[in-house]
Amino acid sequence: MYKISEIAEMVGGRLVGDPDVCVRRLLMDSRLLFFPEETMFVAIKSVRDDGHNYIEDLYRRNVRCFMVSQELLDFKQFAGACFVVVKDTVAALQRLTAAHRSRFNVPVIGITGSNGKTIVKEWLYQLLHEDYRITRSPRSYNSQIGVPLSVWEMDEETQLGIFEVGISKVGEMENLAPIVAPSIGVFINLGEAHQQNFSSLKQKCIEKMKLFVGCGTIIYGKDDKLVDICAQQMHPNARFITYGRQSGASLQVLDEVVKGNATTITYQYEKKRYEVVVPFTDYASIDNALHCICVLFAMGLPADKINSRMADLESVAMRMEVKDGEKDCLLINDSYNSDINSLGIALDFLSQQATAKKMRKTLILSDILQTGKEPDELYCGVAELVEEKGVDRFIGIGHDISAHEKCFNIPEKSFFPDTESFMHHIDAFPFENEAILLKGSRKFRFETITDKLAKVVHETVLEVNLSALVNNFNYFRSFLKPGTKMMSMVKANAYGSGDIEVARTLQQNGCDYLAVAVADEGAVLRSEGIHIPIVVMNPEPNSFYKIFEYNLEPEVYSFALLNRMISEASKLGITDYPIHLKLDTGMHRLGFEKKDLDELINVLKSQKCVKPRSVFSHLFGSDDAAFDDYTKKQIALFTEMKDKIFQAFPYKIMAHILNSAGIERFSDYQFDMVRLGIGHYGMSAVDSNRLEEVCTLKTNILQIRKVPASETVGYSRKGVLTRDSIIGAIPIGYADGFNRKLGNRNGKVLVNGCFAPIVGNICMDVCMIDLTDVPNVKEGDSVILFGKGHPIQGVADTLGTISYEVLAGISKRVKRVYYRE
């Protein structure tokens, strides 16, 4: 932690504001704000955006420290805020973190190269974390901004740093080398990725080797002669530990035998012969493992310990999204890298999935951009790879790849100049029982293809009035004191109303937090541009990677979950990740009890991976005056428990307990934040007339027929008619979430302003209504199943349930339509 006056001095900036304010965290992306009280926002200008545009919003969200490059800001309008004014915020960030790095006299491993940096970094962590307290790059933070952020995480407990460094053009490494200042350098390999900004592979190799200036030990594969020559010429005083299959390497590979899912490597190091088994068989993984072995020798580990640890290496999670498609298809979406090396990895993954599920293999591939290769060479190489991997159907999208159609020799192939053109013809492709890999550069917007292949079309719609949603949100916000935050629950597809549009609307209208049930829901919101904090209320043990990847904040309610969270964060080198502690004050569903608090505090203090952002509990009877005494007991117990936690930690932790009904009936106990759920949709615990219906479930009449008395309607002859009747069929059934208990005249719908009872059993996709008393009715007329004029609460009362269940139960195949009044 630094005083902001120290930061100003380190970067040569001008300070405006209190010099004694302390900064622990650096923030570049306003969407990733977790702990505003100890954060400094660095406003970075880029081609597409300008961080200065977000200062006002971050100030409203309690950030008070900023690094800026604009003198034009009216600093006086930000009372209590501090500003470090510099000429270039990126350069200042790099100076700051280089100065921070210089304060630590510990070994640092710096990793560069074209492919495999993240894997080698993660494997080295797996291999060395028993011996050292390690600070490492989180995920793939290897850019001009990512490297400074990674190194900033070094602190007094760091015993070893492991950082990956990537560059995309000449001159970048000079900025990053003093920030990492490695004592051990690792050069993974030299490939074609990001070649477009370098005149040759040699120039790129020279630029990357600049990371190792002043480095004591350098590790690389000696069989690559260009890398070998550059290393020897640029760093003649370094100690080299190399590996190779040819003679002359420090670690000489003598034999490689693949058996099952493992490879036995026989090698010689310092005139001694060893065998090591690694749990991988592909060439890239074997090379990555050899780099790691060399690093372990450089760190002084004995060969027997190296060999035993290598056998336990775990695979690093791939960055691919897998989802189910229509007609038994599997969709694999990979847009992380667009070079030919990553295509090979993705095709291997496609083959694994297709083989396991006995599916055909389909590849949809866009132009591969910015490789530096000539198109003829590039696409001939792609075609060879596609044929080698046994792809059954190939679809190329883009002008360049289409121009090289003749390179591709597989029978089923199609080419289109752009994604829009392919979308016009997509229905002509009978995708069925196929594993489909979609690998496209971002400009091709392959998400439209994914949406189409996963889309289910249905006539019945749920209309969502966003103006009414905002009105209800503001009604509940009117109960809050200045500074109290609002968390909006958008779990279960926003109670069935459609999480993306609802979340977007709430974000635009000043919501502070969103909450979802599971990580998948949060990931969808992040991919749609939702940037405010998102809490995951029911995180599953296997979802932590997705939580980290999408900057979601998990609820933690048990020691088992807390320990798993700490373990997973530690594996990825993540520190101070925000969590929200659930306390059980009487609901007896989930949460830590009062007797758990001492142990909970000890666990939290004994690690650095996670950090409480809030503590909260759940009221179970705040909507019913009969339970008011118990509600007050819950609040009193919560206050006692949260105060004990607050006293144990020196930083600000939020508290919240009020739900929708609690906001209306117990607003004196709003603490730092409240949670709004069903209140968004017009439900009130005090029968407020200020709330509006938000959702209308509607369909239309498919067919009308006359049915004589004594006939029956529907399955099992349950719909007995006592008069000559006019019966309409509407396209909604229990598969759409329309409850079967509403059948047989228990429920009703609204047609042309008149109620029509539901006749007979509700079918899976259709139900029948009695239109005999509805005047002037015709096929195609609108039918309201709940909404304005037919409140959802009435439907819930008929079913003997709550409105939550009725709304959340509407199937996803029912199309959501959004509008504003």
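Data block above holds the structure.
Predicted model, so just to flag it, every value in this text is computed and none were measured.

Please clarify how the overall build of the chain should be interpreted in this entry.
Within the chain one finds 26 helices and 41 strands. By the compact-globule yardstick of 28 Å for 821 residues, the chain fits well, its C-alpha radius of gyration being 31 Å. The principal-axis extent of the C-alpha atoms belonging to the chain is close to 100 × 70 × 55 Å. Within the chain, buried positions represent 55% of all 821 residues. Residue pairs in contact within the chain that sit at least 24 positions apart in sequence constitute 65% of those at least 6 positions apart.

Would you explain helix 19 (residues 519-527) in this entry?
Each turn of an α-helix holds 3.6 residues, which means side chains three or four residues apart point in the same direction. Within helix 19 the residues assigned to the buried category are Ala519, Glu521, Gly522, Ala523, Leu525 and Arg526. Buried residues along helix 19 sit in contact with helix 17 (491-495), helix 18 (499-508), strand 25 (513-516), strand 26 (534-536) and helix 20 (544-549). The first or second residue beyond helix 19 is Gly529, which carries a positive phi of 90°.

Would you take a moment to explain the environment of Ile579 for this structure?
Looking at where Ile579 falls in the secondary structure, it is placed in strand 28 (residues 577-582). In the structure, Ile579 is positioned 79 residues away from Leu658 in sequence and 19 Å away in space, judged by C-alpha atoms.

So what exactly am I meant to see when it comes to the nonpolar core here?
The nonpolar side chains of a soluble globular protein tend to be buried, and buried together. Counting residues in each nonpolar core, the largest one holds 111 residues, and the members touching the most others are Leu514, Phe548, Leu562, Leu600, Tyr681, Val751 and Phe786. Discounting residues that sit within four places of it in the chain, Phe786 has contacts with Leu462, Cys695, Thr696, Leu697, Pro791, Ile792, Val795, Val806, Leu807 and Ile810. Grouped together as the second largest cluster of nonpolar side chains are 41 residues, Ile134, Leu160, Ile265 and Met299 included.

Where do I start with the environment of Leu799 in this structure?
One can find Leu799 in helix 25 (residues 792-799). Taking the C-alpha atoms as reference points, Leu799 and Phe78, 721 residues apart in sequence, are found 53 Å from one another. In this view, Leu799 contacts Asn739, Lys741, Leu742 and Val806; residues no more than four positions away in its chain are not counted.

What is the right way to read unusual backbone geometry from this model?
Residues other than glycine predominantly adopt negative phi, and peptide bonds predominantly adopt the trans conformation. The backbone phi angle of Asn62 is positive, close to 80°, even though this residue is not glycine. By the secondary structure assignment, Asn62 is in the loop between helix 2 (55-60) and strand 6 (65-68). Non-glycine residue Arg745 carries a positive phi angle of around 65°. Counting through the fold element by element, Arg745 comes out in the loop between strand 36 (725-730) and strand 37 (748-751). By relative accessible area, which is 40% here, Arg745 ends up partly exposed.

Would you take a moment to explain the sheet that holds strand 32 (residues 695-700) for this structure?
The pairing of strands in a sheet comes from backbone hydrogen bonds and takes either a parallel or an antiparallel form. Reading across the sheet, the nine strands line up as 33-36-39-38-37-40-32-23-41 and stay open at both edges, with mixed pairing between neighbours. A single partner strand is all that each edge strand has here, and the edge strands are strand 33 (703-707) and strand 41 (815-819). If you compare each strand with its neighbour and ignore which way they point, the axes differ by 35° on average. Here strand 32 runs beside strand 40 (residues 782-786); their pairing, made up of four bridges, is antiparallel. Counted as the bridge partner of Lys698 is Ile784 from strand 40. Packing of helix 16 (residues 466-477) onto the sheet brings it into contact with strand 23 (461-465) and strand 41, and relative to strand 23 it is tilted by some 50°.

So what exactly am I meant to see when it comes to the pattern of salt bridges here?
Tallied over the full model, the rule gives 44 salt bridges. One salt bridge in this structure joins Asp57 and Arg61, with 3.1 Å as the shortest N-O distance. Judged by relative accessible area, Asp57 falls into the partly exposed class, the value being 25%. Among the salt bridges present, the one from Asp427 reaches Lys452, with a minimum N-O distance of 3.5 Å.

When you look at the packing of helix 4 (residues 117-128) against helix 9 (residues 283-298) in this model, what are you seeing that I'm missing?
Packed helices, taken two at a time, are described by their axes: the angle between them and the distance between them. Where helix 4 meets helix 9, the axes come as close as 10 Å, and the angle between the chain directions of the two elements is 45°. Viewed along their axes, helix 4 and helix 9 adopt a mutual orientation that is oblique. Crossing angle aside, the handedness with which helix 4 passes helix 9 is right-handed. Each of Ile119, Val120, Trp123, Leu124, Leu127 and Leu128 in helix 4 lies in contact with helix 9, whose residues at this interface are Ser285, Asn288, Ala289, Cys292, Val295 and Leu296. Broken down by class, the residue content of the contact of helix 4 with helix 9 amounts to ten nonpolar, two polar and no charged.

It is not clear to me how the pairing of strand 39 (residues 767-770) should be interpreted in this structure. Could you clarify?
Each regular strand shows side chains that alternate between the opposite faces of the sheet. Neither face of strand 39 is open: one carries Cys767 and Ile769, the other Met768 and Asp770, and all of them are buried. Pairing of strand 36 with strand 39 involves four bridges; the strand directions are antiparallel. By the bridge assignment, Ala729 is partnered in strand 39 with Met768. In this sheet, strand 39 lies alongside strand 38 (residues 754-759) in antiparallel orientation, the contact comprising two bridges. Paired with Ile758 across the bridge in strand 39 is Ile769.

Is there a simple way to think about a nonpolar patch on the surface in this case?
On the surface, Phe620, Phe627 and Tyr630 cluster together into a nonpolar patch covering about 280 Å² of accessible area. For Phe627, the position within the fold is in the loop between strand 29 (610-616) and helix 23 (628-648).

When you look at the packing of aromatic side chains in this model, what are you seeing that I'm missing?
Counted by the stated rule, this structure contains 30 aromatic pairs. Here Tyr2 and Trp152 contribute two aromatic rings whose centre-to-centre distance is 5.5 Å and whose plane-to-plane angle is 35°, an arrangement assigned as tilted. Remark: Trp152 occurs in helix 5 (residues 146-152) and Tyr2 occurs in strand 1 (residues 2-3); sequence separation between them is 150 residues. With respect to class, Tyr2 is no different from Trp152; both count as buried. Grouping aromatic residues by their ring pairs yields a cluster made of Phe41, Tyr59, Phe66, Phe75, Phe78 and Phe83. The ring of Tyr125 is capped by Arg136, whose NZ or CZ atom sits 3.5 Å from the centre of that ring.

When you look at helix 10 (residues 303-310) in this model, what are you seeing that I'm missing?
Among the residues making up helix 10, those that are buried are Ala303, Ile306, Asn307, Arg309 and Met310. Taken down its axis, helix 10 places every buried residue within 165° of arc, on the same side. Buried positions along helix 10 lie against helix 4, strand 15 (262-269), strand 16 (272-278) and helix 9.

Where do I start with the sheet that holds strand 16 in this structure?
Spatially, nine strands are ordered 9-10-8-11-12-13-14-15-16 in an open sheet, and the strand pairing comes out mixed. On the outer flanks of this sheet lie strand 9 (134-136) and strand 16, each paired with one strand and no other. Averaged over all adjacent pairs, the angle separating strand axes in this sheet is 20°, with direction ignored. Relative to strand 14 (residues 251-259), strand 13 (residues 239-244) runs parallel, the two being bridged by two bridges. Looking across to strand 14, one finds that Tyr243 is bridged to Leu251. Along the sheet, helix 9 makes contact with strand 8 (108-112), strand 11 (184-187), strand 12 (217-221), strand 13, strand 14, strand 15 and strand 16, crossing strand 13 at roughly 150°.

Reading the values: rules and limits
- Residues numbered from 1 in each chain as written.
- Predicted model: local features only at pLDDT ≥ 70, side-chain atom pairs only at ≥ 80, totals over all residues.
- Heavy atoms only, no water.
- Helix = DSSP H or I, 4+ residues; strand = E, 2+ residues; numbered from the N terminus.
- Rg over C-alpha atoms; globule rule 2.2 N^0.38 Å.
- Buried < 20%, exposed > 50% of the residue type's maximum accessible area, 1.4 Å probe, protein only.
- Contact = heavy atoms within 4.5 Å.
- Core = buried A, V, L, I, M, F, W, Y, C linked by side-chain atoms within 4.5 Å.
- Pairing = 2+ DSSP bridges.
- Axes fitted to C-alpha atoms, helices over the stretch in contact; angles between N-to-C directions.
- Salt bridge = Lys/Arg side-chain N within 4 Å of Asp/Glu carboxyl O.
- Parallel < 35°, antiparallel > 145°, perpendicular 65-115°, else oblique.
- Left-handed = near helix turned anticlockwise from the far one by under 90°.
- Nonpolar A, V, L, I, M, F, W, Y, C, P; charged D, E, K, R; others polar.
- Patch = residues over 30% accessible without salt bridge, like charges linked within 9 Å, V, L, I, M, F, W, Y side chains within 5 Å.
- Areas by Shrake-Rupley, 256 points an atom, 1.4 Å probe, with all protein chains shown as cover.
- Phe/Tyr/Trp six-rings, centres within 6.5 Å; stacked < 30°, edge-to-face > 60°.
- Lys NZ or Arg CZ within 6 Å of the ring centre and 35° of its normal.
- Arc of directions from axis to C-beta.

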